[in-house]
Amino acid sequence: MAAAPALKHWRTTLERVEKFVSPLYFTDCNLRGRLFGASCPVAVLSSFLTPERLPYQEAVQRDFRPAQVGDSFGPTWWTCWFRVELTIPEAWVGQEVHLCWESDGEGLVWRDGEPVQGLTKEGEKTSYVLTDRLGERDPRSLTLYVEVACNGLLGAGKGSMIAAPDPEKMFQLSRAELAVFHRDVHMLLVDLELLLGIAKGLGKDNQRSFQALYTANQMVNVCDPDQPETFPVAQALASRFFGQHGGESQHTIHATGHCHIDTGWEPAQWRGHGEAVSAGPELLSAGVWEDVLRVLAARHLWLLSTAPPDHARLWHQALSQPEIELEFGELFPTPYIFLGGAGWLPCTGPLPTWRLLWDAGQRGGGAEDRGQQPGQGAGQPQCLPLWLWGWGWWPHPDHAGPPEAPEQYGWAAQIKKGNRECERILHDVELLSSLALARSAQFLYPAAQLQHLWRLLLLNQFHDVVTGSCIQMVAEEAMCHYEDIRSHGNTLLSAAAAALCAGEPGPEGLLIVNTLPWKRTEVMALPKPGGAHSLALVTVPSMGYAPVPPPTSLQPLLPQQPVFVVQETDGSVTLDNGIIRVKLDPTGRLTSLVLVASGREAIAEGAVGNQFVLFDDVPLYWDAWDVMDYHLETRKPVLGQAGTLAVGTEGGLRGSAWFLLQISPNSRLSQEVVLDVGCPYVRFHTEVHWHEAHKFLKVEFPARVRSSQATYEIQFGHLQRPTHYNTSWDWARFEVWAHRWMDLSEHGFGLALLNDCKYGASVRGSILSLSLLRAPKAPDATADTGRHEFTYALMPHKGSFQDAGVIQAAYSLNFPLLALPAPSPAPATSWSAFSVSSPAVLLETVKQAESSPQRRSLVLRLYEAHGSHVDCWLHLSLPVQEAILCDLLERPDPAGHLTLRDSRLKLTFSPFQVLSLLLVLQPPPH
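Not measured: the values here are computed from a predicted model. (Residues numbered from 1 in each chain as written. Predicted model: local features only at pLDDT ≥ 70, side-chain atom pairs only at ≥ 80, totals over all residues. Heavy atoms only, no water.)

If you look at the biggest cluster of nonpolar residues, it comprises 68 residues, and the most contacted ones within it are Phe834, Leu843, Leu860, Leu862, Leu874, Leu878 and Leu919. If you tally residues by element for this core, the top one is helix H10 (residues 472-501), at twelve residues. If near-sequence neighbours (up to four positions away) are discounted, leucine 919 is found in contact with Phe834, Arg856, Ser857, Leu858, Leu860, Leu876, Val880, Glu882, Ala883 and Leu905. With 59 residues, the next largest nonpolar core counts Ile603, Phe612, Leu669 and Ala738 among its residues. (Core = buried A, V, L, I, M, F, W, Y, C linked by side-chain atoms within 4.5 Å. Buried < 20%, exposed > 50% of the residue type's maximum accessible area, 1.4 Å probe, protein only. Helix = DSSP H or I, 4+ residues; strand = E, 2+ residues; numbered from the N terminus. Contact = heavy atoms within 4.5 Å.)

In structure tokens form, the structure reads like this:
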């Protein structure tokens, strides 16, 4: 063969190779057009349409009518079930056979009653492997079912994938046939695409790019798509290139096949993987449910990201030990990725070693054949990172320490509110049920009901539900689940309270319950006959109960200064409880917030707090998913009208003022600003009627505090984020995930912003900002539209947020005292089940043990919340027989037996450590 000419025209040569592998151009004569060979139509095709989401066993019993390729079905959100009867030709014995299926919508193949693979044109999943080699004795006929949802991969946008849904959209079946799959063509395509990726990634001025493109061009020269006998020659050219060994200076990438399974959508497939994990060959990298501490603890978590931020991979040492490995997964194994991301893998660091999880992503499957390693095992070219495949090349994570990479610390409104409320309800049910179990021989712990309710809640903590990036149908279903949890949870609360009170003397009526592990004195509204309420100041011990206080003349008995409310002639209002003094201007904005004991002002000079602001919210592409940094440039304060502020409750136990605010011509807000006796924070009870499109509502509090770092609560701890934008990393964190509180403190003083159902926050400079509502239109055009209620609170404090009790205040806001009916006589005295000697340690959970033989064991979960080393005493009032430390899966530590001394247990914590404690209860008296 004559020598190949020198490569002179880089661009035209590149495009020549691109057309040779293109699925769009010249498929009549290129290699891609030979990927499938002989084909035949399916034997029989039939279908039926339904607006329901039917289980498989019910769907296959429905009346299927004849169907054909070209048929349309719909509309949006309906489901079309296809029955596909196949007969494989005898002549195809020994060959790989696929079902080729192309239709709009999201398809799911069912075989022998089980879901086996997704089919989506958008995700380039358009074939299903019937057999990798048809045997002589293999059945030639079989029946499959394809369930096609009338929506796209990410909704049903009108005109584009990210537009608002088109409710009348129709879908079409464009291909349904059997075909022989040519594996040798596929292997050549993998190598050619990789060579193209190297050439494009390195650029035309790079020597290795030239060599890669030169090799690809030679392969096109020798490869005749109509003559498979030419394929080995082309394959040898690729092997020669890929056989050049990589130098020691290259990155090392440990590649592992990965399957993204959204368990909320694919339970049957999950069961299969669960069995495989048990058998050993697969590694479970995250929990069955997204709350890994509720059901399963995992050391290995993958971030669903296509690239690490700012060219960095995180080895995250969790707030508490042990370390948790964070990997950047969901990377489809394209040539770009084989090349090392054309620069996203860091070019610095002592050991440039990384792990990559390769996967087809959210397209109905996991690692695919398209992800074969470069050169099919022939070697590693110098221009590529060293690719090592499978766990065998990397010590199993359970037996390996972190690579010596630079250590770094990193991480729709009704749904979020429902999530927060239901977390609280289930926490309270578990606690009261545990106490009733310990004190009553007749009480049956509602384990099955609680498991069902927790799974409903955790199902909707799935990352496309609780985040608000789901379609309307899913959101509506989630709201139904939350209502079920509220209804059944409240029933279980009442049952536990009744059992807890059984046998106690006292009048019938209400039981005041505190489900938090510290004593609380608070104002609460107690129900009266006829639906009215009366305010009362109650004191309830830690994780216990108290009787309802008798009616008295409250004013002389108040332990603290009563609340004073004054409205000035200009319409402004002052609320003062002796701890904090709040001043509101005539429109309801906060002009002053003083910590009375020190006279320290918390609001920045010349500024106002409780300022509502609107931003334009139009991301580059992913509407409900993304918030872009440039939205901050569109800030528009919402200004109220003077004279709208009025006094609500006039003082004593409680003082309040309220106002109305027109946000826009379509949206309005009402708010009651409330201050209670003895309370260190002022609450803002808010109702919003929200009818916007692509707007973002926040509330701001400029603080008279200066600090380069703000603190935000996360699960079982907190973290700091910068208040400045000095670097790209800082700028990327313009919006921060937070749970119940955020705090900005300088030495000796700080300001905390608490909330009962919000999760987005930020501090820029000295302005604390809480994200309230968004208005995306895809994938759900209604998104946050409608009425919303939520509460946030502002707490100035002396000293650090830890010493000032900010964490406890935020818990108290989220876990109000309960007034529960006591059908049996309510107790006449107070009682406490548990308390902890140190404010740094929080007793977060009390529940029945999952697998106790006697079913009379409790599990307590505690965590260190301040970020400190601390010893503390856990005080118990329950009949405990034995106390043992256990892990998050509730497996006892053989060396974890604890000594019970005077109804106390001594516990030792490191910063943010989570401890689980198994308490074996003594038999209760009969």
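Let us look at a nonpolar patch on the surface. Taken together, the side chains of Leu24, Tyr25 and Phe26 define a hydrophobic patch exposed on the protein surface, amounting to about 380 Å² of accessible area. Position of tyrosine 25 relative to the elements: it lies in the loop between helix H1 (10-21) and strand S1 (36-41). (Patch = residues over 30% accessible without salt bridge, like charges linked within 9 Å, V, L, I, M, F, W, Y side chains within 5 Å. Areas by Shrake-Rupley, 256 points an atom, 1.4 Å probe, with all protein chains shown as cover. Salt bridge = Lys/Arg side-chain N within 4 Å of Asp/Glu carboxyl O.)

Here we take up the pairing of strand S29 (residues 646-652). Sheet topology note: the strand S22 (residues 563-567)/S29 ladder contains two bridges and is antiparallel. Residue pairing across strands places phenylalanine 564 opposite glycine 651, the latter belonging to S29. Judged from the four bridges that link them, S29 and strand S30 (residues 654-662) form a sheet pairing that is antiparallel. The partner of valine 647 across the bridge, within S30, is alanine 657. (Pairing = 2+ DSSP bridges.)

Time to look at the sheet that holds strand S3 (residues 65-66). Reading across from one edge, S3-S2-S5-S10-S7-S8 is the order of the six strands in this open sheet, with antiparallel pairing throughout. The two strands at the open ends of the sheet, each matched to only one other strand, are S3 and strand S8 (114-119). Bridge count between strand S2 (residues 44-50) and S3: two bridges; the pairing is antiparallel. Paired with serine 46 across the two strands is proline 66, which belongs to S3.

Now for the packing of aromatic side chains. For any two aromatic rings, the description comes down to two numbers: the centre-to-centre distance and the angle of the planes. For the structure shown, the criterion picks out 24 aromatic pairs. A centroid spacing of 5.2 Å and a plane angle of 75° characterise the contact between phenylalanine 82 and tryptophan 101, whose relative ring orientation is edge-to-face. With phenylalanine 82 in strand S5 (residues 79-87) and tryptophan 101 in strand S6 (residues 96-103), this residue pair connects regions lying 19 residues apart in the sequence. Relative to tryptophan 622, the ring of tyrosine 621 lies with its centre 4.7 Å away and its plane at 80°, an arrangement referred to as edge-to-face. A relative accessible area of 38% means that tyrosine 621 is categorised as partly exposed. Tryptophan 622 sits in the partly exposed class, given a relative accessible area of 28%. Between lysine 698 and the ring centre of phenylalanine 615, over which it is positioned, the NZ or CZ distance is 4.9 Å. Its end group placed over the ring of tyrosine 811, arginine 740 keeps NZ or CZ at 4.0 Å from the ring centre. (Phe/Tyr/Trp six-rings, centres within 6.5 Å; stacked < 30°, edge-to-face > 60°. Lys NZ or Arg CZ within 6 Å of the ring centre and 35° of its normal.)

What follows deals with the pattern of salt bridges. In this structure the tally under the stated criterion is 36 salt bridges. Between glutamate 483 and arginine 486 there is a salt bridge whose closest N-O contact spans 3.5 Å. Within this pair, glutamate 483 and its partner arginine 486 are both found in helix H10, separated by three residues, close to a single helical turn. Judged by relative accessible area, which is 44%, glutamate 483 ranks as partly exposed. Across the salt bridge formed by glutamate 890 and lysine 847, the nearest N and O atoms sit 2.7 Å from each other. Placement of the pair is glutamate 890 in the loop between strand S48 (880-886) and strand S49 (892-898) and lysine 847 in strand S45 (residues 841-848), with a sequence separation of 43 residues.

Below, the discussion takes up the confidence of the model for the chain. Of the residues in the chain, 79% reach a pLDDT of 70 or more, and the chain-wide mean stands at 85. Segment residues 323-328: pLDDT under 50, and 42 contacts once partners within four positions in sequence are set aside and those in other chains are kept. Predicted confidence is poor over residues 374-378, with pLDDT under 50, and the contacts of this stretch with residues over four places away or in other chains come to 17 contacts. (pLDDT = per-residue confidence, 0-100.)

What follows concerns the environment of tyrosine 759. Tracing the sequence through the fold places tyrosine 759 in the loop between strand S38 (749-755) and strand S39 (760-764). Between the alpha carbons of tyrosine 759 and leucine 772 there is a distance of 8.7 Å; along the sequence they are 13 residues apart. Each residue touching tyrosine 759, except ones within four places of it in the same chain, is listed here: Lys416, Asn419, Arg420, Glu423, Val736, Trp737, Ala738 and His739. Of the polar contacts made by the side chain of tyrosine 759, one reaches the side chain of arginine 420; its length is 2.9 Å. (Polar contact = N/O pair within 3.5 Å; in protein donor to acceptor, adjacent residues only side chain to side chain.)

Sheet architecture is open: four strands sit in the order S42-S18-S21-S43, paired in antiparallel fashion. The open sheet has two free edges, formed respectively by strand S42 (818-822) and strand S43 (831-832), since each of these has just one partner strand. With two bridges joining them, strand S21 (residues 544-547) and S43 adopt antiparallel strand pairing. Across the sheet, tyrosine 545 pairs through a bridge with tryptophan 831, a residue of S43. Its contacts with the sheet put helix H8 (residues 413-439) on strand S18 (509-514), S21, S42 and S43, and the angle it makes with S42 is roughly 45°. (Axes fitted to C-alpha atoms, helices over the stretch in contact; angles between N-to-C directions.)

Quick look at the side chain of threonine 131 now. Looking at the secondary structure, you find threonine 131 in strand S9 (residues 127-131). The class of threonine 131 is buried, set by a relative accessible area of 13%. A distance of 3.1 Å separates a polar atom in the side chain of threonine 131 from the backbone oxygen of arginine 133. Leaving out residues up to four positions away in the same chain, threonine 131 has contacts with Gln95, Glu96, Val97 and Asp138.

Mapped onto the elements of the fold, serine 769 is located in strand S40 (residues 767-774). Beyond its immediate chain neighbours, meaning those up to four positions away, serine 769 contacts Lys698, Val699, Glu700, Met742, Ala761 and Ser762.

In a pair of packed helices, the angle between the axes and the distance between the axes together describe the arrangement. Contact pair helix H3 (residues 183-202) / helix H5 (residues 231-242): the axes reach a minimum separation of 10 Å and the direction vectors enclose 40°. For the element pair H3 / H5, the angle class is oblique. You can see that H3 and H5 cross each other, and the crossing is left-handed. Contact with H3, carried on its side by Asp184, Val185, Met187, Leu188, Asp191, Leu194, Leu195 and Ile198, involves Phe231, Ala234, Gln235, Ala238, Phe241 and Phe242 of H5 and no other residues of that element. Taken together, the residues of the contact of H3 with H5 break down into eleven nonpolar, one polar and two charged. (Parallel < 35°, antiparallel > 145°, perpendicular 65-115°, else oblique. Left-handed = near helix turned anticlockwise from the far one by under 90°. Nonpolar A, V, L, I, M, F, W, Y, C, P; charged D, E, K, R; others polar.)

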